[in-house]
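# Observations on chain architecture
Below, each chain spelled out in residue letters.
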Amino acid sequence: MNRTLPPHEIDAFGRELDALRQEVLDQRGQRDVDHIRSVVRTMRYAEAAGRLLLHVGIDPATFALGTGALGLAKILENMEIGHNVMHGQYDWTHDPELDGESYDWDMACAAHQWREYHNFEHHTFTNILGRDRDVGYGFLRVTSEQPWNPAHIIQPFVVVGLAFLFQWGIGAHALRLDETIAGRQSVAELWTRARPFLAKGARQLFKDYVFFPGLALVNAPRVALGNFIANGIRNVWAFAVIFCGHFPEGVRMYHEQETRDEPRGAWYLRQIHGSANIEGGRLFHVLSGHLSHQIEHHLFPDLPACRYPELAPRVRAICERYGQSYNTGRFRAQLTSVARQILENALPSRARPARMH
Amino acid sequence: MSTLATNAPHVARTASFALRTTQRLSRALLLDRSFRFWVDELAPVASRAELRARVLSVVDVTHDVKTFVLAPRVWPGHLPGQWVPVEVEVGGIRLRRCYSISSPPNDPHVELTVKRIPGGRVSNWMHTHLHAGDFVRLGAPSGDFVLPETKPTKLLLLSGGSGATPLIAILRDLAHRRALEDVTYLHAARSRRDVLFASELARLSSLHPGLRVVLHLDDASPRLDATQLWVLVPDLAHRETFLCGPTGMMDAVAPAFLGFEGRLHHERFVAAKPAAAASGAGARIHLGRSKRTITTTGRGTLLDELEQAGERLEYGCRMGICNTCRCAKRSGVVENVLTGAISNEPDDDIRLCVSVARSDLTLAL
Ligand code: FES
């Protein structure tokens, strides 16, 4: 349960987090660049190894290894590299390879659309119902505060489908298809939004299922299948990490009125109560793109993500001092919690008091 | 006409078409990044994405000046007196400075003579960390501090401190072209041990009777100013003068050219001036792309100010989170109002929605 903070405490809370942020800004340097470059290097070697094994091998063992390596490369590229670089976390290096504005990632979502809806909408209006379209992505009911409709009954199956096709979900999210269905967005507008997505998607499909298989000649089916599985591995992984960061029980939703003119401290509070962390080892954190530290990521989306693990205990200590909850748990526990939310909210809510208010 | 000759342009066109198609395809399939990675990994100097140069050697010139001899992969050529942007990575951050090229165009290598400036991030880094075998990134040589096409009959090359670097390039070029008739080379240095290229100057003046080398040492004679300059170069009025040095020295000698200012060509190579308007009001913002200049009112962030002035800019959160309002600051000082951080590096990226001007600025807008 969270203590309600009077305005002066909210400000003090905000100042403490500002100070943490400043501390990292002051130390930012070689270490962060070395980290991201070593991840890039690992990713490139894994990618090369994966492709080599898939393209020249003929046996099941090299197939499994190659697919695994390629899947790993895609995970690193999307999560620790793509997501973080596109947040502008490394813009200060002035290295064009780490430039947030020009980066494009190896997945179906068009980079500039993602930068708009994710960096701006989601990170500014985090968990404000009606403003943050990431709350259930417009078709899932992840909290009892969202109105129920009969279509939600099948959402447990929809979610499984989404997990396997996650990159397409992220890409299509920019279309606001639900708004067109509800009559709030014209078809012409939908088409404008669909074009970059379709173009990027087509290029990705061409690359994974025509270009690389084509290079492999007789091995084409093997390569196509390997790419398909590698994409799938990445999809399921990204899905799991992101759902655990946003939709376990205890994550709070907000209404627009309560966030109007909110001071910086309150904005920080909303980020904390609107996210959840996953505990794990260093490798786990890197593979999740440090989104296992969703709370720290939401507080400081533009600080180098490799700093989140060292910030986390300090953020948590501050929260404790101010009587604020800090949602964290093992991967399995958070996944179970998310599953329960999805299942429970598939049915209309029983009359129960809203949690966490 | 032979078949070969008729086919040549056709072949060239096909080749360039194939190259362009490959480039577009690799970009579309996101293979370009991977390609650049492997070039960096295996043969960094071969990069085509940017011009890189291998450091061949580092030579001590004086106690605080070193010459870096560079071998760029390709070199577009330069005129003596021009400078080149150099980019190095200091603490993970790429920093860019412009240095005059001290080698003449006929030299197979490119030489940069760099003084270690107290507190200067790039010059100190170069002095301590840049060794033979490393590489640096270069921009395109540029600058109009160059001799006219036909050499003026009477010439004065006037320098103070490390301002000698473009002038030595001019001198070396004239020596190479055997065009050193009636040239005065006047160099002001703090003391004897600060004189740049001393032995080379001695050698050149003994080889070329038309060259007069004058050294002015601050610790041995009165400060170099207009009067002193007339004493040292009595026929100043008849000479085309090329002047480069620290601001103080350039200002001190400037009055000597009263009445024939047209004969004076100068190059300022000092760093950007420090913060001017502390209140943020009245700073002038030059928009590099649209060539507009706006004067700030001091009442808001750069985003507000520019919008008030009628600029239509992209933005998202307006609170420093989403990075939509990012813009490259070419020069000047801004303060981040959230963090109080000061940015005074050229080419820093700033977020307009949380920045205020602390001096005149040039933005890439
Ligand atoms: S508008 Fe979002 S960072 Fe400036």
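About the thresholds
- Residues numbered from 1 in each chain as written.
- Chains lettered and ligands numbered in written order.
- Predicted model: local features only at pLDDT ≥ 70, side-chain atom pairs only at ≥ 80, totals over all residues.
- Heavy atoms only, no water.
- Helix = DSSP H or I, 4+ residues; strand = E, 2+ residues; numbered from the N terminus.
- Buried < 20%, exposed > 50% of the residue type's maximum accessible area, 1.4 Å probe, protein only.
- Areas by Shrake-Rupley, 256 points an atom, 1.4 Å probe, with all protein chains shown as cover.
- Lys, Arg positive; Asp, Glu negative; His and termini not counted.
- Charge placed at Lys NZ, Arg CZ, Asp CG, Glu CD.
- Pairing = 2+ DSSP bridges.
- Contact = heavy atoms within 4.5 Å.
- Buried area = accessible area lost by both parts, 1.4 Å probe.
- Salt bridge = Lys/Arg side-chain N within 4 Å of Asp/Glu carboxyl O.
- Polar contact = N/O pair within 3.5 Å; in protein donor to acceptor, adjacent residues only side chain to side chain.
- Nonpolar A, V, L, I, M, F, W, Y, C, P; charged D, E, K, R; others polar.
- Expected span 1.5 Å × (residues − 1).
- Axes fitted to C-alpha atoms, helices over the stretch in contact; angles between N-to-C directions.
- UniProt positions renumbered as here; feature names shortened; annotations may be inferred.
- Core = buried A, V, L, I, M, F, W, Y, C linked by side-chain atoms within 4.5 Å.

### Remarks on the overall build of chain B
Within chain B, the regular secondary structure consists of eight helices and 19 strands. Dimensions of chain B, computed from the C-alpha atoms along their principal axes, are close to 70 × 65 × 45 Å. Burial statistics for chain B: of 365 residues in total, 48% are counted as buried. In the form shown here, chain B has an accessible surface area of approximately 17800 Å², with 55% of it arising from carbon and sulfur atoms. The centroid of the 45 positive side-chain charges in chain B is displaced by 4 Å from the centroid of its 37 negative side-chain charges.

### Some words on the sheet that holds strand S16 (residues 342–343) of chain B
Residue and element names in this part refer to chain B. Read across the open sheet, the three strands follow the order S16-S15-S18; overall the sheet is antiparallel. Edge positions in the sheet fall to S16 and strand S18 (355–357), since each has one partner strand and no second. Relative to S18, strand S15 (residues 334–336) runs antiparallel, the two sharing three bridges. Among the inter-strand pairings, Glu335 is bridged to a residue of S18, identified as Val356.

### Observations concerning the interface of chain B and chain A
Across the contact, 32 residues belong to chain B and 45 residues belong to chain A. Both faces combined, the contact of chain B with chain A buries some 3300 Å², and carbon together with sulfur accounts for 52% of it. Across the contact surface, chain B and chain A share eight salt bridges. Across the pair A:Asp99 and B:Arg326 runs a salt bridge, and its minimum N-O distance is 2.8 Å. In this structure, the connection of chain B to chain A is made through 19 residue pairs in polar contact (both at pLDDT 80 or more). For the side of chain B that touches chain A, the elements supplying multiple residues, two or more each, are helix H1 (3–28), helix H2 (32–42), strand S4 (93–100) and strand S17 (348–351) of chain B. Grouping the constituent residues of the side of chain B that touches chain A by class yields 13 nonpolar, eight polar and eleven charged.

### What about the pattern of salt bridges?
Scanning the model with the defined rule gives 53 salt bridges over all chains in all. Put simply, A:Glu258 and A:Arg252 hold a salt bridge, and the shortest N to O gap is 2.7 Å. Using a relative accessible area of 16% as the deciding quantity, one classes A:Arg252 as buried. Note that B:Glu50 is salt-bridged to B:Arg137, the shortest N-O span being 2.5 Å. Taken as a pair, B:Glu50 in the loop between H2 and strand S1 (51–62) and B:Arg137 in strand S6 (residues 135–138) lie far apart in primary sequence, 87 residues in all. Assigned by exposure class, B:Glu50 and B:Arg137 land together as buried. A single network of salt bridges, built from pairs that share partners, joins A:Arg37, A:Asp95, B:Asp40, B:Glu50, B:Arg52, B:Glu87, B:Glu89, B:Arg94, B:Arg96 and B:Arg137.

### Here's the deal with helix H14 (residues 331–344) of chain A
With 14 residues, H14(A) should reach 20 Å at 1.5 Å per residue; the first-to-last C-alpha distance of 20 Å fits that figure. Tucked into the core, H14(A) has its buried residues touching helix H5 (155–164), helix H9 (220–246), strand S1 (277–279) and strand S2 (328–330) of chain A.

### As for the sheet that holds strand S10 (residues 240–244) of chain B
Residue and element names in this part refer to chain B. The strand order across the open sheet built from five strands is S9-S8-S7-S10-S11, with neighbouring strands paired in parallel fashion. The open sheet is flanked by strand S9 (211–217) and strand S11 (264–267), the only strands paired with a single partner. Ignoring strand direction, the axes of neighbouring strands in this sheet form an average angle of 15 degrees. Where S10 and S11 come together, four bridges link them in parallel fashion. In the sheet register, Leu243 faces S11, and the bridge partner there is His266. Its contacts with the sheet place helix H4 (residues 164–176) against strand S7 (155–160), strand S8 (183–189), S9 and S10, and it is angled at close to 150 degrees to S7. The sheet strands contacting helix H5 (residues 198–207) are S8 and S9, and the helix crosses S9 at an angle near 150 degrees.

### Looking at the environment of B:Cys98
All names here are of chain B. Assignment of secondary structure puts Cys98 in strand S4. By relative accessible area, which is 47% here, Cys98 ends up partly exposed. Filtering out sequence-adjacent residues up to four positions away, Cys98 remains in contact with Trp83, Val84 and Pro85.

### Digging into the UniProt feature "domain: Fatty acid desaturase" (unreviewed entry) in chain A
According to UniProt, the positions carrying the feature "domain: Fatty acid desaturase" (unreviewed entry) are residues 70–328 of chain A. Structurally, residues 70–328 of chain A is divided into 56% helix and 2% strand, and its ends, taken at the C-alpha atoms, are 30 Å apart.

### Digging into the side chain of A:Gln324
Residues and elements named next belong to chain A. Along the chain, Gln324 turns up in the loop between helix H13 (308–321) and S2. For Gln324, the side chain forms a polar contact with the main-chain oxygen of Arg3, separated by 2.8 Å. A distance of 2.8 Å separates polar atoms of two side chains, one belonging to Gln324 and the other to His273. Once residues within four sequence positions are removed from consideration, Gln324 is found in contact with Asn2, Arg3, Leu5, Leu269, His273 and Cys319.

### Describing the UniProt feature "domain: FAD-binding FR-type" (unreviewed entry) in chain B
With numbering aligned to this structure, UniProt lists the feature "domain: FAD-binding FR-type" (unreviewed entry) at residues 48–148 of chain B. A helix fraction of 9% and a strand fraction of 46% characterise residues 48–148 of chain B, whose end C-alpha atoms lie 33 Å from each other.

### Some details on the nonpolar core
Counting residues in hydrophobic clusters, the biggest one holds 77 residues, and the most contacted among them are A:Phe166, A:Phe243, B:Leu70, B:Leu112 and B:Met126. The biggest single contributor to this core is H9(A), with eight residues. If near-sequence neighbours (up to four positions away) are discounted, A:Phe166 is found in contact with A:Tyr137, A:Asn235, A:Ala238, A:Phe239, A:Ile242 and A:Phe243. Core analysis: the second largest hydrophobic core is formed by 27 residues, A:Leu17, A:Tyr308, A:Leu311 and A:Cys319 among them.

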